[in-house]
Amino acid sequence: MDRNIAGVTIQVNEEGYLTSFQQWNQEVGTALAQEANINMSPRHWEVINYLQTEFKNDVPLSIRKIGKSGVVDIKEFYQLFPIAPLKTASKIAGIPKPASCI
Amino acid sequence: MKRIVILGAGTAGTMMANHLRNHLKREEWEIDIIDEREEHHYQPGYLFLPFDIYEPEDITKPIRDFIPHGVNLIHDAIDRIVPQEQFVNMVNGDRLHYDLLIIATGAKIAPEETEGMLGEEWQKSVFDFYTFEGALALRNKLREWEGGKLVVHITEMPIKCPVAPIEFAFLADSYFKNKHMRDKVEITYVTPLSGAFTKPKATTALQHLLDVKHIQIESDFAIEQVDNDRKIIIDYGGREIPFDLLVTVPTNKGDELIVRSGLGDDLNFVPTHKATLQSRDYENIFVLGDATNIAASKAGSVAHFEAEILTDNILRYINGEPLKEEFDGHANCFVETGGGKALLIDFNYTHEPVEGTFPLPGIGPLRLLKESRFNHMGKLAFRWIYWNMLLKGTHIPFVSTKMQEAGKEF
Ligand SMILES: Cc1cc2nc3c(=O)[nH]c(=O)nc-3n(C[C@H](O)[C@H](O)[C@H](O)COP(=O)(O)OP(=O)(O)OC[C@H]3O[C@@H](n4cnc5c(N)ncnc54)[C@H](O)[C@@H]3O)c2cc1C
């Protein structure tokens, strides 16, 4: 479905994740973060950039992997994105909901 | 004479031994299968053992009984694979050369990954049911437990049979009802996922059942530690959940031999092409069952579908033909819902669990995503099918390897 955010139209799925990463920019990310009650700091953006890089390299993301990334440890990841951090951060980053295998 | 070596004689390895022996000439191919255990465990039975539904002897049988004539069964622990030299090294120092290798060493629990899980309370008030020993110890505990807060918990994904923990919660509800003590037990289901399951449709169906059975759910819980003194579990965000009895599914990992061989990812699962089941690093190594890193369920039913496709692909590989990109992630599993009922879900890489009938479009008799007694019988029949058909590589009538779309509501 379409939605307007930060002055642009983006496509999101029923859970609010962007369906095409091409439509993402930093303003969109900031606006999505505000909806999750998060004020983005440079440290937040470092983590978001890391997630986007991993996504572009087709690396599936998990909390465990982020904890071992050297970019951020799990404690800090939770401080930055307190509620369901991996999902929240993925949404802000404009990448798909992490596929926890079933 | 060339040699195929199969690592692991569990569900997947045993099926491959049976399939390949049927297809490959004995004078051309020797087939060896290695396992450190003597007993084959029917792991789905671990779910029923704690509730006194199955006895230990229902779920273990000698591995030897399922290995066909013409396949050498080697009973030893594997140290590592040396893929550059095409050798498997055994812990006892033996070495075995292979032309083609199949990795089917499965997944196991790693409670040591979570701080405090293996603390003083382990097997006193903290239990797992993903091992035979754990399920048995839990059975003994449940027989005498007088009630309190029961917490059923998943540490992190992926885990084998991802529906088993919620089934455990449903069966616990029935068990305590039958013992006339349901009012003394508070059941909470704690998951790292954002709902009862990963896929939205199945989540709705399962959430409804949790509500009906008065089982609380705590979602998005990423455990940091088990506090043995205070008997609580704590997540990275500081959330605390108290328990009197914690039934946890610890982190699941591949065997350490995969790390020693330099072949695994961060959970010791082997990077594998998801449609062909060839290893990503070596073309003469194939991987199936719980040992792979592919985003399909770690389930016996998946291993069964994979084994049929992998057999074709190995025959192609041997004949120098291109591999077929066939595996679609097809899984189907019965979900025990307690009170003698079950539901059935069927899904693959791209389709989420759907409603409809199975295996015959429009007829069933099994109903997808709906609770019924017939589904429960199906789940119990699965044990018979497992021992008598699945392991021997017999094709199960009407059940196709790839997911069928007829008769299902997408
Ligand atoms: C509680 C529970 C409930 C389940 N319920 C269901 C269900 O309802 N339906 C379903 O389809 N699936 C279910 N499963 C999942 C199913 O049991 C597994 O997916 C299946 O057994 C995987 O087969 P596998 O061959 O990959 O691994 P396994 O069957 O685990 O076999 C691996 C083998 O490798 C051997 N091995 C490993 N490392 C070494 C080594 N270093 N040296 C020598 N040998 C080694 C092991 O001894 C073992 O025999 C359940 C699992 C559990 C735990």
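Everything that follows concerns the structure shown earlier in this document.
We now turn to the structure provided with this report.

Cut-offs used in this document
Residues numbered from 1 in each chain as written. Chains lettered and ligands numbered in written order. Predicted model: local features only at pLDDT ≥ 70, side-chain atom pairs only at ≥ 80, totals over all residues. Heavy atoms only, no water. Phe/Tyr/Trp six-rings, centres within 6.5 Å; stacked < 30°, edge-to-face > 60°. Buried < 20%, exposed > 50% of the residue type's maximum accessible area, 1.4 Å probe, protein only. Lys NZ or Arg CZ within 6 Å of the ring centre and 35° of its normal. Near = heavy atom within 4 Å. Polar contact = N/O pair within 3.5 Å; in protein donor to acceptor, adjacent residues only side chain to side chain. Areas by Shrake-Rupley, 256 points an atom, 1.4 Å probe, with all protein chains shown as cover. Nonpolar A, V, L, I, M, F, W, Y, C, P; charged D, E, K, R; others polar. Domains from an automatic or database assignment. Helix = DSSP H or I, 4+ residues; strand = E, 2+ residues; numbered from the N terminus.

Residue and element names in this part refer to chain B. What the rule picks out here adds up to 19 aromatic pairs over all chains. Consider the rings of Phe 129 and Tyr 130, whose centres lie 5.1 Å apart with planes at 75 degrees: the pair is edge-to-face. Accessibility expressed as a relative area gives 8% for Tyr 130, which makes it buried. Centre to centre, the rings of Tyr 175 and Phe 176 are 5.3 Å apart; their planes meet at 75 degrees, and the pair counts as edge-to-face. Given a relative accessible area of 10%, Tyr 175 falls into the buried group. Site record: aromatic cluster; members linked through ring pairs are Phe 51, Phe 129, Tyr 130, Trp 145, Phe 168, Tyr 175 and Phe 176. Note that Lys 61 overlies the ring of Trp 387, its terminal NZ or CZ placed 5.3 Å from the centroid. Across from the ring centre of Phe 87, 4.2 Å away, lies the NZ or CZ of Arg 95, which sits over that ring.

Attention now goes to the site of the ligand. Residue and element names in this part refer to chain B. Taken together, 29 residues surround the ligand, and among them Thr 11, Ala 12, Asp 35, Gln 43 and Asp 290 come closest. A distance of 2.8 Å separates an oxygen atom of the ligand from a polar atom in the backbone of Asp 290. Compared with its free state, where it exposes 1,000 Å², the ligand has 96% of that area covered by protein. Each residue belonging to the shell around the ligand can be placed in one class, and the counts come to 12 nonpolar, 9 polar and 8 charged. Mapped onto the domain boundaries, the shell around the ligand takes at least three residues apiece from domain 1 (2-106 + 255-318) and domain 2 (110-251).

With that settled, consider unusual backbone geometry. Residue and element names in this part refer to chain B. Omega for the peptide link from Met 157 to Pro 158 comes to 0 degrees, which places this bond in the cis form. In this fold, Pro 158 is placed in the loop between β12 (148-154) and α4 (164-178). Despite not being glycine, Cys 161 has its phi angle at roughly 40 degrees, a positive value. As for its position among the elements, Cys 161 is in the loop between β12 and α4. Even without being glycine, Leu 277 reaches a positive phi, approximately 70 degrees. With respect to the helices and strands, Leu 277 occurs in the loop between α6 (256-260) and β20 (285-287).

That's the geometry; what it means functionally is another story.
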